[in-house]
Amino acid sequence: MKGLLIDVWQGQRDQATRKVGAVMNLDATPATGHVSIELEDLLLEDRSIPAFKAASVTSEIVLERTENGRSLRFPLTVILQDVGAQITPQIAVAGVDGRVTIVDSEVSELDLDLEGGFSDRDDGRSTERLWSLAGRVRRDLSEGSLDVSMAAFELGKVPEVLARLPLVESEAATVGGRVAVSFGAGLARAEGQVRVDGINVAHPLLAREVVRDVGFDLDFALEIDPSKPRMVLHQAHVRRRGVELGLRGELLHPAQRSDRSYRVHAEISPTPCQQVLEAIPAALVPALAGFELDGDFSLNVDVGVDFADLDALVLDGTVGLAGCGVRQRPPRATVEHLAGGFTHRVTMRNGQLRTVHLYPGSGTFTPLPLISPHMVAAVLTTEDGGFWRHKGFLPSQFETALRRNLEAGRVRLGASTITMQMVKNVMLSHERTLARKLQEMILTWYVETVLSKERIMEIYLNVVELGPGIYGVTRAAQHYFGKHPSELTPPEAAYLALMLPSPVRRHVHYCRGELSTAFQVKLARILRLMNERGRLSDLDYEVWKEIPIMFDLRERGDTGACLGEIEALMAANEGQRALSGLLTEAEDSFFGDSGAPPGRFFDIDDVVLPDPTEADAPGVPAMDEELDDP
């Protein structure tokens, strides 16, 4: 029999829950019970599993005589040609050839020997044999083992898949490896090795530029319990250019969010700091070009999250940057540059340029001793209560921010210290990428080793954005209140500190000439916290707590135009960037034709500041509420 069309379905034909289609060729010898069967262009569709397509499925069937008539002889082997099945919306196995042996009539056990390739569709076609799978398993995966091998192959051989990944110019990149999987007692255990070479990753959350030549070796051993679902990572080692990251942990991820929990340990044994730096792809750390490091780096971090008890969240360990030293640095990161007079140039969201000259007599700079101590107290209260005590990082504040973000299901609270903000403003950009955050953390460590806390605070207050195109406390005090920074009152200082989470959007109060009721409540809270935390005396608090903010509106102009400027800037997408920082070329040098004198322009030892013991206890965020609204 040749060419018998099979079209079978369950339910309504146009809404079938199951469907089988094929063209059947059959050759039977009744006397011996031998049947040769071939199904061409087979299509199996079931809403509960991915569709299965095959160019050809053949088998030699023997019907044995028994007391009850004829029955199939087992084991029964099925030969497959050009099979395809969708694994994810982006990737399908394709061009699969080989055999599947059914061990018994209950189909309780399968013996597999298959090889195939990949595609972006489940049409079965693939020109390359890129993987193989062999082993014997129970149908319910209660017992058995499988061995999956993938010889290193160029991604250009699977162009359809490559086109759907966040990769560019990666046709010559290779991937390969081997995974052994065993099943038993309701668990799946896997161990294996994978090697990736030469991929170029392009993703807006990763970095501004393409991250090129990414490659690593990975070996792992893990256990999966599908009924939970739970994964125990017994060990994993990621190796790149002589640096090895070790991981282990347990992930419990059921459908109900409150039942989820994650526990991960990460470590890097002492490794030369320069070797670690060189192992990081260059596009992730462009600002660190020119740095050379001494010493050894180590990492030992534990993270534990239980959604049923987020108060018990654990974020603990050490990031061993303290073991590193800097033996060479780029010109814009030298102590002489950062401690001396320089010109800070920044592009706004709309691409316009703003300049702050950080040296006496420039008209845009105020030395720290001449800035109102209320201004320092206000930013300590809103931004970083432990500034005088920590070394650039406040680990417990990271823990608090992580807990609040997990509770909210989104990023609602940051954990940037004043040093981290200064580094972002002066050396980097405001892009929201993993690369910027990585560079920010490394440069924060560096800045804390070469500058005093007083100089860090001084630079921060003189460059921070406090309104549309308004950079630094000198310009802000004049714009909002028509006065010098030394004259700022406690409410005025608190107002400027409250601008920091969203300095452009919150400029609406100035445009309208008065604070909203909600913002007045926020300002009153800041003054109360300043008093409670010992940064504002009881007398000053009683004197100023009821005094309203009075704007100097001489620079406002038309209210509509003022509000329009805010809308235009919020709609712009250029992104803020320090042109005088570490991400630009030499023509943006910090001195240029500014005429600023090089070197130190005051003796930092002569600076008088509030007593550092007035800072918050370590680990307590100064502000723990979301302040993105105006």
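Rules of the game
Numbers given for residues are sequential positions, taken from 1 along each chain in its written order. Reporting of local features is limited, given that this is a predicted model, to residues whose pLDDT is at least 70; pairs of side-chain atoms are given and counted only at 80 or more, and all residues count toward the totals for whole chains, interfaces and linings. Side-chain measures here rest on the full set of heavy atoms in the structure, leaving out hydrogens and waters. A run of H or I in DSSP counts as a helix once it spans at least four residues, and a run of E counts as a strand once it spans at least two, with each numbered from the N terminus. Values of the radius of gyration come from C-alpha atoms, whereas the globule rule sets the reference at 2.2 Å times the count of residues to the power 0.38. The buried label goes to any residue with under 20% of its type's maximum accessible area, the exposed label to any with over 50%, and the partly exposed label to all in between, with areas taken from a 1.4 Å probe on protein chains only. Two aromatic rings from Phe, Tyr or Trp, using only the six-membered ring of Trp, form a pair when their centres are within 6.5 Å; if the ring planes differ by under 30 degrees the pair is stacked, by over 60 it is edge-to-face, and anything between is tilted. We call two strands paired when DSSP finds no fewer than two bridges between them. Any two residues whose heavy atoms approach within 4.5 Å are treated as being in contact. Angles run from 0 to 180 degrees between N-to-C directions of axes, and those axes are lines fitted to C-alpha atoms, restricted for helices to the stretch in contact. In protein, a polar contact requires one atom able to donate a hydrogen and another able to accept it; more generally it is a pair of N or O atoms within 3.5 Å, and residues adjacent in sequence count only if both atoms are side-chain atoms. Any carboxyl oxygen of Asp or Glu that lies within 4 Å of a side-chain nitrogen of Lys or Arg is treated as forming a salt bridge with it. When two cysteine sulfur atoms are found within 2.5 Å, that pair is recorded as a disulfide. Here is the rule for angles: anything less than 35 degrees is roughly parallel, anything more than 145 is roughly antiparallel, 65 through 115 is roughly perpendicular, and the remaining ranges are oblique. The residue classification treats Ala, Val, Leu, Ile, Met, Phe, Trp, Tyr, Cys and Pro as nonpolar and Asp, Glu, Lys and Arg as charged. All others, Gly included, are polar. Like-charged residues within 9 Å of one another, or nonpolar side chains (Val, Leu, Ile, Met, Phe, Trp, Tyr) within 5 Å, are grouped into patches, provided each residue has over 30% relative accessible area and no salt bridge. Calculation of accessible area relied on Shrake-Rupley with a 1.4 Å probe; when residues are assessed, cover is drawn exclusively from the protein chains displayed. Positive charge is attributed to Lys and Arg, negative charge to Asp and Glu, and no charge count is given to His or to the chain ends. Here the site of a charge means atom NZ of a Lys, CZ of an Arg, CG of an Asp or CD of a Glu. Nine residue types can take part in a nonpolar core, namely buried Ala, Val, Leu, Ile, Met, Phe, Trp, Tyr and Cys, and a core is a set of them joined through side-chain atoms within 4.5 Å. Confidence of the predictor at the level of single residues is given by pLDDT, which spans 0 to 100. Crossings are sorted by hand: turned counterclockwise from the far helix by less than a right angle, the near helix makes the crossing left-handed, and turned clockwise it makes it right-handed.

1. Considering the overall build of the protein chain
Thinking step 1. When helices and strands are counted, the protein chain shows 14 helices and 22 strands.
Thinking step 2. Here the C-alpha radius of gyration of the protein chain, 33 Å, is well above what a compact globule of 630 residues would show, namely 25 Å.
Thinking step 3. For the protein chain, the spread of C-alpha atoms along the principal axes amounts to about 110 × 55 × 45 Å.
Thinking step 4. Taking all 630 residues of the protein chain together, the buried fraction comes to 46%.

2. Here's the deal with helix 8 (residues 453–463)
Thinking step 1. The buried fraction of helix 8 amounts to ten of the eleven residues, a majority that puts the element mostly inside the structure.
Thinking step 2. Within the sequence span of helix 8, burial applies to Lys453, Arg455, Ile456, Met457, Glu458, Ile459, Tyr460, Leu461, Asn462 and Val463.

3. Focus: the packing of aromatic side chains
Thinking step 1. Throughout the structure, instances matching the rule amount to 13 aromatic pairs.
Thinking step 2. Seen in terms of ring centroids, Phe481 and Tyr495 are 6.0 Å apart; in terms of plane orientation they differ by 80°. Their pairing is edge-to-face. Taken together, the residues Phe481 in helix 9 (residues 473–481) and Tyr495 in helix 10 (residues 490–499) connect sequence positions 14 residues apart.
Thinking step 3. Among the residues examined, Tyr495 registers a relative accessible area of 0% and is labelled buried.
Thinking step 4. For the ring pair Tyr495 and Phe519, a centre distance of 5.9 Å and an interplane angle of 70° mean the geometry is edge-to-face. In this pair, Tyr495 is assigned in helix 10 and Phe519 in helix 12 (residues 517–532), connecting sequence segments 24 residues apart.

4. Let's talk about the sheet that holds strand 20 (residues 342–347)
In a beta sheet, neighbouring strands are held together by backbone hydrogen bonds and run either parallel or antiparallel to one another.
Thinking step 1. One open sheet accounts for three strands, arranged 21-20-22; its pairing is antiparallel. The open sheet has two free edges, formed respectively by strand 21 (353–358) and strand 22 (577–578), since each of these has just one partner strand.
Thinking step 2. Relative to strand 22, strand 20 runs antiparallel, the two sharing two bridges. If you follow Thr347 over to strand 22, its bridge partner there is Arg577.
Thinking step 3. Strands strand 20 and strand 21 of the sheet are contacted by helix 8, whose axis makes an angle of about 145° with strand 21.

5. Remarks on the side chain of Thr433
Thinking step 1. Assignment of secondary structure puts Thr433 in the loop between helix 6 (418–427) and helix 7 (434–450).
Thinking step 2. Here Thr433 falls in the buried class, since its relative accessible area comes to 11%.
Thinking step 3. Polar side-chain contacts of Thr433 include one of 3.0 Å to the side chain of Glu431.
Thinking step 4. Here Arg436 takes part through its backbone nitrogen, which lies 3.1 Å from a polar atom of the side chain of Thr433.

6. Quick word on the pattern of salt bridges
Thinking step 1. Taken as a whole and assessed by the stated rule, the structure comprises 33 salt bridges.
Thinking step 2. For Arg554, the salt bridge identified is with Asp552, shortest N-O distance 2.6 Å.
Thinking step 3. Overall, Asp552 belongs to the buried group, its relative accessible area being 17%.
Thinking step 4. Here the salt bridges do not stand alone but share partners, grouping Arg99, Glu109, Asp111, Arg136 and Arg138 into one network.

7. Some points on the state of the cysteines
Thinking step 1. Within this structure, the stated rule accounts for two disulfides.
Thinking step 2. One disulfide in the model links Cys273 with Cys324; its S-S distance is 2.0 Å. Residues Cys273 and Cys324 share a disulfide whose torsion about the S-S bond is about -90°; that sign makes it left-handed. Here Cys273 is found in helix 2 (residues 273–279), whereas its partner Cys324 is found in strand 19 (residues 324–328), with 51 residues between them in sequence.
Thinking step 3. Classification of Cys273 as buried rests on a relative accessible area of 2%.
Thinking step 4. Residue Cys511 pairs covalently with Cys562 via a disulfide, S to S 1.9 Å.

8. Some remarks on helix 6
Thinking step 1. Of all ten residues in helix 6, ten are buried; the element is thus mostly enclosed.
Thinking step 2. Of the residues making up helix 6, those classed as buried are Ile418, Thr419, Met420, Gln421, Met422, Val423, Lys424, Asn425, Val426 and Met427.

9. Details of the packing of helix 6 against helix 7
Thinking step 1. Relative to each other, helix 6 and helix 7 sit at 110°, their axes nearing to 9 Å. Classified by the angle their axes make, helix 6 and helix 7 are roughly perpendicular. Note on element contacts: helix 7 touches helix 6 through Arg436, Lys437, Glu440, Met441, Leu443, Thr444, Val447 and Glu448, opposite Thr419, Met420, Met422, Val423, Lys424 and Met427.
Thinking step 2. Residue composition of the contact of helix 6 with helix 7, grouped by class: seven nonpolar, two polar and five charged.

10. Here's the deal with a negative patch on the surface
Thinking step 1. Residues Asp306, Asp309, Asp311 and Glu407 make up a contiguous surface patch of negative charge.
Thinking step 2. One can find Glu407 in helix 5 (residues 395–408).

11. Some words on a nonpolar patch on the surface
Thinking step 1. On the surface, a cluster of nonpolar side chains totalling about 200 Å² of accessible area is made up of Val8, Val20 and Leu44.
Thinking step 2. Here Val20 is to be found in strand 2 (residues 18–29).

12. Description of the nonpolar core
Thinking step 1. Ranked by internal contacts, the top residues of the largest apolar core, which has 137 residues, are Met457, Leu461, Tyr480 and Tyr495.
Thinking step 2. When near neighbours in sequence (up to four residues on either side) are disregarded, Leu461 contacts Leu368, Ile371, Met375, Val376, Val379, Gly472 and Val473.
Thinking step 3. Residues Val305, Leu310, Leu313 and Leu406 belong to the second largest nonpolar core, which totals five residues.

13. Notes on the pairing of strand 5 (residues 69–72)
Thinking step 1. In this structure, strand 4 (residues 49–66) lies alongside strand 5, joined through four bridges in antiparallel fashion. When the bridges of strand 5 are listed, Arg65 appears paired with Arg70.
Thinking step 2. Remark: two residues form the turn of the hairpin made by strand 4 and strand 5, two consecutive strands paired antiparallel.

14. Here's the deal with the confidence of the model for the protein chain
Thinking step 1. Averaged over all residues, the pLDDT of the protein chain equals 87, while 90% of them reach at least 70.
Thinking step 2. Within the model, pLDDT remains below 50 along residues 585–629, and this stretch shows 111 contacts once partners closer than five positions in the same chain are excluded.

15. Quick word on the packing of helix 10 against helix 12
Thinking step 1. The N-to-C vectors of helix 10 and helix 12 enclose an angle of 115°; their axes lie 9 Å apart at closest approach. Taken together, helix 10 and helix 12 sit at an angle that is classed as roughly perpendicular. In this structure, helix 10 crosses over helix 12, and the sense of that crossing is right-handed. Counting all contacts with helix 10, which are made through Pro490, Pro491, Ala494, Tyr495 and Leu498, the residues of helix 12 involved are Phe519, Lys522, Leu523, Ile526, Leu527 and Met530.
Thinking step 2. A class-by-class count of the residues in the contact of helix 10 with helix 12 yields ten nonpolar, no polar and one charged.

16. Brief notes about the environment of Lys2
Thinking step 1. Relative to the elements of secondary structure, Lys2 occurs in the segment before strand 1 (4–10).
Thinking step 2. Residues Lys2 and Asp27, 25 residues apart in the sequence, show an inter-C-alpha distance of 8.5 Å.
Thinking step 3. In this structure, Lys2 is in contact with Met24 and Asn25, ignoring residues within four places of it in sequence.

17. Structural notes on unusual backbone geometry
Thinking step 1. Geometrically, the link from Phe74 to Pro75 is a cis peptide bond, its omega value of 5° lying close to zero.
Thinking step 2. The topology assignment puts Pro75 in the loop between strand 5 and strand 6 (76–86).
Thinking step 3. Lys228 connects to Pro229 through a cis peptide bond whose omega is -10°.
Thinking step 4. Its place among the elements puts Pro229 in the loop between strand 13 (211–225) and strand 14 (230–240).

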